[in-house]
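# Structure at a glance
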Amino acid sequence: MKKFLVITIDVEPDCSSTWHYSNPLTFKGVTEGIAQRLQPLFNKYDIIPTYLINNVVLENKESVSILKNLTGRYELGTHLHPEFIEPEKKFDNYAGKKGTDNSCFYPPQIEFEKIKNITFLFEQQFDYKPTAFRAGRYSAGSNTIKSLVKLNYLVDTSVTPHICWNDATREQPVDFTDAPEQPYFIDAENIIHEINSSNILQVPISITLKERNPLKEFIISGAGLLHARRKYKPIWLRPYYSPFEDMLFLYHQYLSSYSTRDCIVFNMMFHNVEVLPGLSPYTNTDEDCERYLTELERFLIFCRKNEVINIGLSDLAHEFKK
């Protein structure tokens, strides 16, 4: 059995504890976070990360220059927050703004044009076409996938198994509760269904469920009957969300669940701004960042010792097409 690790990083401008962009707009998460912290760490373990770049970052010349000239191996792809790009672009000044729109709820032609525009912007900046994509706020739907097919993408990584996104900023729930945990070729009519004839590989973010408390909790229903239920929490393959021990739990859970497969894929995700203090909701101090990077490095070391093969997202799509 082959075991693959992909590391997918959403590349954003610097943010606040509420995910509002910095004011004035700054990009230390690229100039320092990626160039000085993440990529050197990945080079140490011969890791190929996939950086999925927000359209706001793609408009910043210094960030583009740094991403073009990183030392080591890496893949670049796109990460769309739709309100920041035409058509129907909402903001010209991005400072202090927050991405709250959901790509999949735009009219299909508008969504296509937005994905086309970020794709063209990427191509202008890097002189080649991107083939890996993630929708901002995990807001991908069937029309998103149809757009990616038209634009010759190979892989999407917007799906979060076991999670239903349902809050006041969503026109309706984005429900990935029943999505597969392992990669599959997407049925463009239903993003959580597999179809062998598809051209787009879905690589879900690695999430599993873990019991909160080993003791059963008894509750009384409306009919007065006793029922037993176990409460579970989602475990992400993601530093800060999950300490090293929880990431190991997910690793072993996947090994057990998919032991009969030819390969197992682990898809770690996070944001570039999480590795510097005060640029995200998660790491406020230098000590927070040190712990964060230590947990990440511990998992990279574990993967190396356990013969988990690191690969870029688009290379994974080629691997599955074999």
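Note on numbering: residues in each chain are counted from 1, in written sequence order. Confidence filtering applies because this is a predicted model: local features only for residues at pLDDT of at least 70, side-chain atom pairs given and counted only at 80 or more, and all residues used for totals across whole chains, interfaces and linings. To get the side-chain values, all heavy atoms of the structure are used, and hydrogens and water are removed first.

## Here we look at the environment of A95
- Structurally, the position occupied by A95 is in the loop between β3 (75–80) and α4 (108–126).
- For the pair A95 and C289, spaced 194 residues apart in sequence, the C-alpha to C-alpha distance is 24 Å.
- Among residues more than four places away in sequence, those in contact with A95 are Y21, S22, N23, P24 and L25. Segments assigned H or I by DSSP are reported as helices when at least four residues long, segments assigned E as strands when at least two residues long, and all are numbered from the N terminus. Contacts are residue-level and defined by heavy atoms, with any inter-residue pair within 4.5 Å sufficient.

## Some words on the side chain of Q39
- Tracing the chain through its elements places Q39 in helix α1 (residues 28–44).
- Using a 1.4 Å probe on the protein chains alone, a residue whose accessible area is under 20% of its type maximum counts as buried, one over 50% counts as exposed, and one in between counts as partly exposed. Take Q39: its relative accessible area is 1%, and that puts it in the buried class.
- Contacts described as polar in this section are N or O atom pairs within 3.5 Å, which, within protein, must combine one atom able to donate a hydrogen with one able to accept it, while residues neighboring in sequence count only if both atoms come from side chains. Polar contacts involving the side chain of Q39 include one to the main-chain carbonyl oxygen of R73, which spans 3.3 Å.
- Apart from residues lying up to four places away in sequence, Q39 is in contact with I34, P49, Y51, L70, T71, G72, R73 and Y74.

## Observations concerning the packing of aromatic side chains
- Note on ring pairs: Phe, Tyr and Trp rings are taken, using the six-membered ring of Trp, and paired if centres are within 6.5 Å. Classes follow the plane angle, with under 30 degrees stacked, over 60 edge-to-face and the rest tilted. Evaluated as defined, the whole model comprises 23 aromatic pairs.
- When the centroid spacing of 6.4 Å and the interplanar angle of 45° are considered together, the rings of F126 and Y128 count as tilted.
- Owing to a relative accessible area of 8%, F126 belongs among the buried residues under this scheme.
- Seen in terms of ring centroids, W165 and W236 are 6.4 Å apart; in terms of plane orientation they differ by 70°. Their pairing is edge-to-face. Of this pair, W165 sits in strand β6 (residues 164–165) while W236 sits in strand β14 (residues 232–236), and the two are 71 residues apart along the sequence. We note that W165, like W236, is buried.
- Ring-pair connections join several aromatic residues into one group, and the members of that group are W19, Y138, W165, W236, Y240, Y241 and Y282.
- A ring has a charge above it when a Lys NZ or an Arg CZ is no more than 6 Å from the ring centre and no more than 35 degrees off the ring normal. We note K210 situated over the ring of F249; from NZ or CZ to the ring centre the distance is 5.1 Å.
- Sitting above the plane of the W236 ring, R238 keeps its charged end 5.7 Å from the centroid.

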